[in-house]
Amino acid sequence: MAASRIVIENCAIATVDANDTEYASGYVVVADNLIESVGAGSAPAGLENVARRVDGTGHLLTPGLVNTHHHFYQWITRGLATDHNLFKWLVALYPTWARIDESMARAAAQGSLAMMARGGVTTAMDHHYVYPRGSGDLSGAIIGAASETGVRFTLARGSMDRGESDGGLPPDFAVESLEDALAATEATVDRYHDDSFDAMTQIAVAPCSPFSVSTELMRQGAELARRKGVRLHTHGSETVEEEQFCKELFGMGPTDYFESTGWLGSDVWMAHCVHMNDSDIAAFARTGTGVAHCPSSNARLGAGIARVTDMLRAGVPVGLGVDGTASNESGELHTELRNALLVNRLSAHREAALTARQALRLGTHGGAQVLGRAGQIGSIEAGKLADLVLWKLDTLAHSSIADPVVALILGAAAPVTLSLVGGRTVVEDNHLTTVDEDAVARSTRTEARRLARITAAG
């Protein structure tokens, strides 16, 4: 059967390819789920089976945004513990999170995904590590929500086996045993992971963090991931307190601890990595270990400024992450494009830290690298999957900014006229086409109130 085509033309294009190719006015042809061609000027004449033509005048076309770190369940606990550092914030919120059930997890995932998708995210991930006893099929609920929303999705199946009685932060009834965590993670990989080129769902092995899991869970988790051929994810070097914890408990800093447990490598990515010294960065570069940079959450929790410029110069793969919406209430990735640039200019590199185009690369190709999918998504190139976003830049908000990439990164959040995932429409004229946004809002409000009541009742 002949390919069905979509033609987008007359728009500025930032391809984010290896040469950062851009067109002041160009076109992209999509054939079924793939990018068939991209170039300057008008689309080729005589194209057959064109199902749709989109006039992109006044718009910028970019690859879809790729989110590399999130905790969807936190959507129903936004606006709490707003003046806490990480450890105090966790202690304040774990008693609430430990009461999350399947219905709550599904609603929270729907809210998180809807907010990201309507803001240009075409590939999302969720690091879910809270599995209270008797809470139902949380992983299935989250994956189901992603399927309904229509975005590509990586579930980082998390776990915790170090509860309060073992010196950890989460309540004991919110953690799993070592054996149960490993078995459930393997079962999730077996049931849901798809390693095909155009996969919509992938699974990563993701023990939560050094201070909430045992060393044995870290070691055996890494072995499981490599036996199954999937990626590894965890939190790393987020705060000064974490570094002190690792030195007291393990006799070494976080990076050395990760290396000792098999957690450095090109199949690994870590969230945050705020407190990294030169040797830490060199170890990540040497091993190809990736980083999910979460500037808004790092600022919200007072964690510090990650050395993103130094990481990039050393060759560390870096993407952007929303992080959970209990530490980044906006819950969308455009904020991270802007804040990555602004926050990193407060570092020692100042105005030389990041450019607008580097920020866009972090949110697209960098994210694809971190998730192990740079061969399929993250840039606009023939043969790659048609995950594309058309941003409207001809309104009052951006009317006097001549450079469209600068307008997107430093200007107000741009409306999304069209978002495609594998050639399928997910957003049209700034509204989701796949789910009812108002219904999602109602559902998340209902579940947030129910969770609050359950927590208050003890």
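An account of the accompanying structure is given in this report. (Residues numbered from 1 in each chain as written. Predicted model: local features only at pLDDT ≥ 70, side-chain atom pairs only at ≥ 80, totals over all residues. Heavy atoms only, no water.)

## Considering helix α4 (residues 178-192)
Part 1 of the reasoning: With 15 residues, α4 should reach 21 Å at 1.5 Å per residue; the first-to-last C-alpha distance of 21 Å fits that figure.
Part 2 of the reasoning: L178, A181, L182, T185, T188, V189 and Y192 are the residues of α4 that are buried. For α4, the angular spread of the buried residues around the axis is 130°, confining them to a single face. Pointing more than 90 degrees away from the buried face of α4 are the exposed residues E179 and R191. (Helix = DSSP H or I, 4+ residues; strand = E, 2+ residues; numbered from the N terminus. Expected span 1.5 Å × (residues − 1). Buried < 20%, exposed > 50% of the residue type's maximum accessible area, 1.4 Å probe, protein only. Arc of directions from axis to C-beta.)

## Here's the deal with the packing of aromatic side chains
Part 1 of the reasoning: For the structure shown, the criterion picks out 10 aromatic pairs.
Part 2 of the reasoning: Relative to Y129, the ring of Y73 has its centre 5.9 Å away and its plane inclined at 90°; by these criteria the two rings are edge-to-face. Taken together, the residues span a long stretch of sequence, with Y73 in the loop between β6 (65-66) and α1 (86-97) and Y129 in the loop between β7 (121-128) and α3 (138-149) at a distance of 56 residues.
Part 3 of the reasoning: Measuring from ring centre to ring centre gives 5.2 Å for W89 and W97, while their planes differ by 75°; the resulting arrangement is edge-to-face.
Part 4 of the reasoning: A relative accessible area of 0% means that W97 is categorised as buried.
Part 5 of the reasoning: Connected via pairs of aromatic rings, a cluster forms that spans F87, F211, F245, F250, Y257 and F258.
Part 6 of the reasoning: A cation sits over an aromatic face here: R157 above Y131, 3.6 Å from the ring centre. (Phe/Tyr/Trp six-rings, centres within 6.5 Å; stacked < 30°, edge-to-face > 60°. Lys NZ or Arg CZ within 6 Å of the ring centre and 35° of its normal.)

## With respect to α3
Part 1 of the reasoning: With 12 residues, α3 should cover 16 Å at 1.5 Å per step; its first-to-last C-alpha distance of 17 Å lies within 8% of that length.
Part 2 of the reasoning: Buried residues of α3: L138, S139, G140, A141, I142, I143, A145, A146 and T149, and no others.
Part 3 of the reasoning: In this structure, the buried residues of α3 make contact with α2 (102-117), β7, β8 (152-159), α4, β9 (201-207) and β16 (424-428).
Part 4 of the reasoning: At the exit of α3 stands G150, carrying a positive phi of roughly 95°. (Contact = heavy atoms within 4.5 Å.)

## Structural notes on the pattern of salt bridges
Part 1 of the reasoning: What the rule picks out here adds up to 24 salt bridges.
Part 2 of the reasoning: The partner of R53 in a salt bridge is E9, and the shortest N-O contact between them spans 3.2 Å. A residue pair is termed long-range when its members are at least 10 positions apart, and R53 in strand β4 (residues 50-55) and E9 in strand β1 (residues 5-14) qualify at 44 residues.
Part 3 of the reasoning: With its nearest N and O atoms 2.7 Å apart, the salt bridge here joins R152 to D387. Within this pair, whereas R152 is found in strand β8, its partner D387 is found in the loop between α12 (356-370) and β14 (388-392), the two being separated by 235 residues in sequence. For the pair R152 and D387, a shared accessibility class is recorded, and that class is buried.
Part 4 of the reasoning: Look at the salt bridges and you will find they share partners, linking E186, D190, R227 and K228 into a network. (Salt bridge = Lys/Arg side-chain N within 4 Å of Asp/Glu carboxyl O.)

## Examining the sheet that holds β8
Part 1 of the reasoning: Across the sheet, eight strands lie side by side as β6-β7-β8-β9-β10-β11-β12-β13; this open sheet has parallel pairing. Looking at which strands have only one partner, the edges of the open sheet turn out to be β6 and β13 (318-320).
Part 2 of the reasoning: Where helix α11 (residues 334-344) meets the sheet, it contacts β6, β12 (290-293) and β13, and its direction lies at approximately 125° from that of β13. (Pairing = 2+ DSSP bridges. Axes fitted to C-alpha atoms, helices over the stretch in contact; angles between N-to-C directions.)

## Structural notes on the nonpolar core
Part 1 of the reasoning: Among the nonpolar cores identified, the biggest contains 108 residues, and W89, W97, L113, M311 and I409 are the most heavily contacted of them.
Part 2 of the reasoning: If you tally residues by element for this core, the top one is α2, at eight residues.
Part 3 of the reasoning: Residues within four places of L113 in sequence aside, it is in contact with F72, A124, A145, A146, T149 and V151.
Part 4 of the reasoning: Within the second largest apolar cluster, 15 residues are counted, among which are I8, V54, L61 and A386. (Core = buried A, V, L, I, M, F, W, Y, C linked by side-chain atoms within 4.5 Å.)

## Re the environment of R286
Part 1 of the reasoning: Considering the arrangement of structural elements, one finds R286 in helix α8 (residues 278-287).
Part 2 of the reasoning: As for R286 and L264, which are separated by 22 residues in sequence, their C-alpha atoms are 9.3 Å apart.

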